[in-house]
Amino acid sequence: MKSVSSYDPIWNDPDSKNAELQHVWETLSAIIQLYRHWALFSIQGSRKALTTGKEKVPHFFAPVVLNATANQDPVLDYRRAKLVPLPKVRSYRNLTIHILRSNGIGKTAMREAGEARLRHLAQFVSEHTKPGDKWMVVTHLATEALARKHLPEEIALTGHWGSLDGLNDFRDCNKAVLFGLSFRDRAWPVSMYFALRGAQTKEWLRSKEAKAIRHRLEVMSIAAQVIQAFELAPLSTGHSGITMEA
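Worth saying up front: this structure is predicted, and the values here are computed from it rather than measured.

Procedures and definitions
- Residues numbered from 1 in each chain as written.
- Predicted model: local features only at pLDDT ≥ 70, side-chain atom pairs only at ≥ 80, totals over all residues.
- Heavy atoms only, no water.
- Buried < 20%, exposed > 50% of the residue type's maximum accessible area, 1.4 Å probe, protein only.
- Helix = DSSP H or I, 4+ residues; strand = E, 2+ residues; numbered from the N terminus.
- Pairing = 2+ DSSP bridges.
- Core = buried A, V, L, I, M, F, W, Y, C linked by side-chain atoms within 4.5 Å.
- Contact = heavy atoms within 4.5 Å.
- Phe/Tyr/Trp six-rings, centres within 6.5 Å; stacked < 30°, edge-to-face > 60°.
- Salt bridge = Lys/Arg side-chain N within 4 Å of Asp/Glu carboxyl O.
- Axes fitted to C-alpha atoms, helices over the stretch in contact; angles between N-to-C directions.
- Parallel < 35°, antiparallel > 145°, perpendicular 65-115°, else oblique.
- Nonpolar A, V, L, I, M, F, W, Y, C, P; charged D, E, K, R; others polar.
- Left-handed = near helix turned anticlockwise from the far one by under 90°.
- Expected span 1.5 Å × (residues − 1).
- Arc of directions from axis to C-beta.

Participant: Would you mind showing me how to read the pairing of strand β8 (residues 175-178) here?
Facilitator: Looking along a regular strand, one sees side chains alternate from face to face of the sheet. Both faces of β8 are covered, namely the face carrying K175 and V177 and the face carrying A176 and L178. Strand direction decides the pairing type here: strand β6 (residues 135-139) and β8, joined by four bridges, are parallel. When the bridges of β8 are listed, V138 appears paired with L178.

Participant: When you look at the nonpolar core in this model, what are you seeing that I'm missing?
Facilitator: One broad rule of soluble globular proteins: the nonpolar side chains tend to lie buried together. By size, the foremost hydrophobic cluster in this structure holds 29 residues, and its most contacted members are L121, L151 and W161. Counting residues per element, the ones that place at least two in this core are α4 (114-127), β6, β8 and α8 (208-232). Setting aside its immediate chain neighbours within four residues, L121 contacts V137, L151, V177 and F179. Judged by nonpolar contacts, the second largest core, of 14 residues, contains W38, W188, M192 and F194.

Participant: What should I look at first to understand the packing of aromatic side chains in this one?
Facilitator: For any pair of aromatic rings, geometry is given as the distance between the ring centres together with the angle between the planes. With the rule as written, the count across this model stands at four aromatic pairs. Between W38 and F194, the aromatic rings sit 5.2 Å apart at their centres with planes inclined by 85°, giving edge-to-face as the arrangement. Of this pair, W38 sits in the loop between α1 (14-36) and β1 (40-44) while F194 sits in helix α6 (residues 188-197); the two residues are 156 residues apart in sequence, bridging distant segments of the chain. Assessed through its relative accessible area of 4%, F194 is described here as buried. Each ring, one from Y193 and one from W204, has its centre 5.1 Å from the other, and the planes form 5°; the classification is stacked. Of the two residues, Y193 is situated in helix α6 and W204 in helix α7 (residues 202-205); the sequence distance between them amounts to 11 residues. The pair formed by Y193 and W204 is uniform in burial state, with each residue classed as buried. Ring pairs connect the aromatic residues W38, Y193, F194 and W204, which therefore count as one cluster.

Participant: Explain the environment of G53 here, please?
Facilitator: Along the polypeptide, G53 turns up in the loop between β2 (47-51) and β3 (64-65). Once the C-alpha coordinates of G53 and H37 are considered, the two residues, 16 residues apart in sequence, prove to be 7.7 Å apart. Setting aside residues up to four positions removed in sequence, G53 forms contacts with W38 and A195.

Participant: How should the pattern of salt bridges be read in this particular structure?
Facilitator: Pairing of side chains with opposite charge becomes possible as their charged atoms draw close. Applying the stated criterion across every chain yields a total of four salt bridges. With a closest N to O distance of 4.0 Å, E115 and R119 form a salt bridge. On the criterion of helical spacing, the pair formed by E115 and R119 is a turn pair, its members being four residues apart in helix α4. With its nearest N and O atoms 3.3 Å apart, the salt bridge here joins D133 to K175. Linking D133 in the loop between α4 and β6 with K175 in strand β8, this pair joins segments that are 42 residues apart in sequence.

Participant: I keep staring at the packing of α6 against α8 and nothing clicks. Help me out?
Facilitator: Helix packing for two helices is described by the angle between their axes and how far apart those axes are. Viewed as axis vectors pointing N to C, α6 and α8 meet at an angle of 105°, and their least axial separation amounts to 9 Å. Compared by their axis directions, α6 and α8 come out roughly perpendicular. On the side of α6, the interface is formed by W188, P189, V190 and Y193, while α8 contributes E209, I213, R214, L217, E218 and S221. Grouping the constituent residues of the contact of α6 with α8 by class yields six nonpolar, one polar and three charged.

Participant: Sorry if this is basic, but what is going on with the packing of α4 against helix α5 (residues 141-150) here?
Facilitator: Contact pair α4 / α5: the axes reach a minimum separation of 10 Å and the direction vectors enclose 40°. Judged by the angle between their axes, α4 and α5 are oblique. Classified by chirality, the crossing of α5 by α4 is right-handed. Listed contacts from α5 to G114, E115, L118, R119 and A122 of α4 are T143, L146, A147, K149 and H150. Tallied by class, residues from the contact of α4 with α5 come to four nonpolar, three polar and three charged.

Participant: In this structure, what is going on with α4? I would like to understand it.
Facilitator: Because each turn of an α-helix spans 3.6 residues, side chains separated by three or four positions end up pointing in the same direction. Here α4 spans 20 Å end to end across 14 residues, near enough to the 20 Å set by a 1.5 Å rise per residue. Of all the residues in α4, the buried ones are G114, R117, L118, L121, A122, F124 and V125. Each buried residue of α4 lies within a common arc of 165° when the element is viewed along its axis, so the set occupies one face. Along α4, the residues that are exposed and aim more than 90 degrees away from the buried face are H120, S126 and E127.

In C-alpha cells form, the structure reads like this:
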C-alpha cells in the first residue's frame, strides 16, 4: 500500500485514478481472504509472501475428464475425477528424444545463461533441420524474446511456459525443443494441498509425509506441462526430435 497525495496529478486522470483505486481494492480483498482462511508464510531469497487457497469445486461434484494431461493433474487426482479413456489416442513410438542434462533450468538460471545456451540451441536446430521441418521452441517468458532473436522465424516458432493451453499455433511443427522446465513456486504444492485437504500443523510441515506430498505435486505439475507441450505439435507423425534440458 502507498500514500497518494490529494494534489497528485493522477486524480485528474480518470483512468489513472481508477487504476489506483482498483489496486487498493485488490490489495484489501487479498488481505480479507488471508484473514478468512489459513495463511502460509514463505521466503524465497529476499522475497517474502503470505498465501492462502480454497477449493471452489463442490464436494459432491466428481468431474469426468477427457484430457491428455488429466492423470497428471493434482487437482483432478485429489478430487477423484473419473478419467474417460479415448478410443483413439496419439502414439509417440516414432518420437526420438534428445536430452541435454544440465544444472540451472529454472527461469532465473535460464535467463542468466540464456545468451550462451541459445547460441548452442540455434546451432543444434540448424544441424538437425531437414527440408519441411518446423520447430516448436518452448522457453520461459523471460527468455522467449531472446529465443526469437537467435532462432530463424521461418523454421522455429516460440512459446513460453504458462501460456500454452489451447494454442493451435504449432500444428505444423514436427520437432520441438523444451528449453528449460517450468518449476512452480516452492510454496505452491503446500498451498495446493491445504486448499484441497485443509490446513495442517507446523509439525506436519516437517514430516516425511509432507515432503513426499510436495515432491509428488511438483512432479505432477511439471509432467502435465511437458505433456501439454507435446500435444501442441503433431509429433507422433513421422520421425521427430525433442530436445529437453533436464
